[in-house]
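Topology and contacts: notes
Chain by chain, the residues run as shown.
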Amino acid sequence: MLKPYGLKDKKVLVPRGTGQAKSFSQLVEKYGGISIEIPLIAFRPIEINQRLQTAMDQIDTYDWIIFTSNVTVETFFSFKKKEEFGSFPKIAVIGKKTEEVLNEFGLHAEFVPSAYVAEVFVEEFLPFVEKGSKILLPKGNLAREYIASSLIHNGSYVDEIVIYETYMPNESREKLAGMLSAGELDILMFTSPSTVDHLMSVVQEYKLESHLEQCIIGCIGPVTEKKLLSYGLPIHASPEEYTVKEMIKSTIKYLEK
């Protein structure tokens, strides 16, 4: 049983931007922590191009569409409202949050994997996909190629289209550098490899490596773990279920040791 104030007075980095940080911060505060919102990652839609326009206009020719994050769902429907589409292909998603956001648009996922990583998704999704299926995969510019290459190898036709770019807001760089150098962050939490890369770019630019030694580090998922290890950073908390809630719980368990 977790202590109700397991994060008491700990300053916790919430690496998400406005709109995405709220539920994360509420969980930190629920356990007595102090949430420090510094977006390490932000997203901007690409300029709509002919390839994306054609895919949306011909949406009824696809057997499946795969949404790998809530950002892909929100960005996709920012280009064209759900009501403007005719018939829609079957939908597969990765992640609980992705499914929730999809439901908010009045759509239902036909397939959700048991774990929210690409490898598990592919393994469990392949039996649902007939050879020769046509699949639309909207994604961010830094997304891995694993899903598309695996599906193509299995005999599917995959339209993989970048619909948004990932970047680090400039104002976050200065705020992060200032708080790290002043020792004002106790716990760092990472939700993707990009959040690790962006934090480390600031650490290296301002030569703050020694300031990380006092921080407890939590993360979600094996790809983010691998990225942390590539920088030689320790991982104190990494849950089996890849959600923010479980990451916070596993961090509290580490603190209670």
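Residues numbered from 1 in each chain as written. Predicted model: local features only at pLDDT ≥ 70, side-chain atom pairs only at ≥ 80, totals over all residues. Heavy atoms only, no water.

1. With respect to helix 4 (residues 96-104)
How we decide: Only protein chains enter the calculation, and the probe is 1.4 Å; a residue is then buried if its accessible area is under 20% of its type maximum, exposed if over 50%, and partly exposed in between. Segments assigned H or I by DSSP are reported as helices when at least four residues long, segments assigned E as strands when at least two residues long, and all are numbered from the N terminus. The directions from the helix axis to the C-beta atoms are what the arc is built from. We call two residues contacting when some pair of their heavy atoms lies within 4.5 Å.
Residues of helix 4 that are buried include every one of T98, V101 and L102, and no others. Buried residues of helix 4, seen end-on, are gathered within an arc of 105 degrees and therefore sit on one face of the element. Check the buried side of helix 4 and you find it contacts strand 4 (64-67), helix 3 (70-79) and strand 5 (90-93). Where helix 4 ends, the next residue or the one after it, G106, has phi of about 80 degrees, a positive value.

2. Remarks on the state of the cysteines
Where we set the bar: To count as a disulfide, a pair of cysteine sulfur atoms needs to be within 2.5 Å.
With the rule as written, the count across this model stands at zero disulfides. No disulfide involves C215; its sulfur sits 15 Å from that of C219, the nearest cysteine.

3. Thoughts on the pairing of strand 1 (residues 11-14)
To be explicit about the condition: Whether two strands pair depends on DSSP finding at least two bridges between them.
One ladder, built from four bridges, connects strand 1 with strand 2 (residues 34-37); its direction is parallel. Note that in strand 2 the partner of V14 across the bridge is E37. Note that strand 1 and strand 8 (residues 187-190) share two bridges and pair parallel. Note that in strand 8 the partner of V12 across the bridge is I187.

4. Remarks on the sheet that holds strand 7 (residues 157-167)
Which entries qualify depends on this criterion: Axis geometry follows a simple rule: fit a line to the C-alpha atoms, using only the stretch in contact for helices, then measure angles between N-to-C directions, giving values from 0 to 180 degrees.
Pairing is mixed across the open sheet formed by five strands, whose spatial order is 3-7-6-4-5. Each edge of the open sheet carries a strand with a single partner, namely strand 3 (42-45) and strand 5. Ignoring which end each strand starts from, the neighbouring axes of this sheet average 30 degrees apart. Taken strand by strand, helix 2 (residues 50-57) contacts strand 6 (134-140) and strand 7, and its axis lies near 125 degrees from that of strand 7.

5. Observations regarding the packing of helix 3 against helix 4
Heads up, the rule is: By definition in this entry, angles of less than 35 degrees are roughly parallel, angles greater than 145 are roughly antiparallel, angles of 65 to 115 are roughly perpendicular, and the rest are oblique. Put simply, Ala, Val, Leu, Ile, Met, Phe, Trp, Tyr, Cys and Pro go in the nonpolar bin, Asp, Glu, Lys and Arg in the charged bin, and everything else, Gly too, in the polar bin.
The contact between helix 3 and helix 4 brings their axes to 8 Å, and the two run at 25 degrees. Regarding the angle of helix 3 to helix 4, the classification is roughly parallel. Touching N70, V73 and E74 of helix 3 are K97, T98, V101 and L102, all from helix 4. Split into classes, the residues belonging to the contact of helix 3 with helix 4 amount to three nonpolar, two polar and two charged.

6. Things to note about the side chain of T224
Looking at the secondary structure, you find T224 in helix 9 (residues 222-230). Residue T224 is classed as buried on the basis of its relative accessible area, which comes to 3%. The contact partners of T224, leaving out residues within four places of it in the chain, are F190, T191, S192, P193, V196 and C219.

7. Quick look at the nonpolar core
Test applied: The nonpolar core is taken to be a set of buried Ala, Val, Leu, Ile, Met, Phe, Trp, Tyr and Cys residues, with the residues joined through side-chain atoms within 4.5 Å.
Ranked by internal contacts, the top residues of the largest apolar core, which has 24 residues, are L40, L176, L185, L188, F190, L199 and L212. Breaking this core down by element, the ones donating at least two residues are helix 7 (170-181), strand 8, helix 8 (193-205) and strand 9 (216-219). By residue number, the principal contributor to this core is helix 8, which donates five residues. Contact partners of L185, with chain neighbours within four places excluded, come to K11, L13, I36, L176, M179, L180 and C215. In this structure, I59, F77, L107 and I163 belong to the second largest nonpolar core, which totals 23 residues.

8. Brief notes about the sheet that holds strand 9
In a beta sheet, neighbouring strands are held together by backbone hydrogen bonds and run either parallel or antiparallel to one another. One open sheet holds the four strands; their spatial order is 2-1-8-9, and the pairing between them is parallel. If you trace the sheet from one side to the other, it starts and ends with strand 2 and strand 9, each paired once. Each neighbouring strand pair of the sheet contributes to a mean axis angle of 25 degrees, computed without reference to strand direction.

Take it as geometry only, folks, not as evidence of what the structure does.
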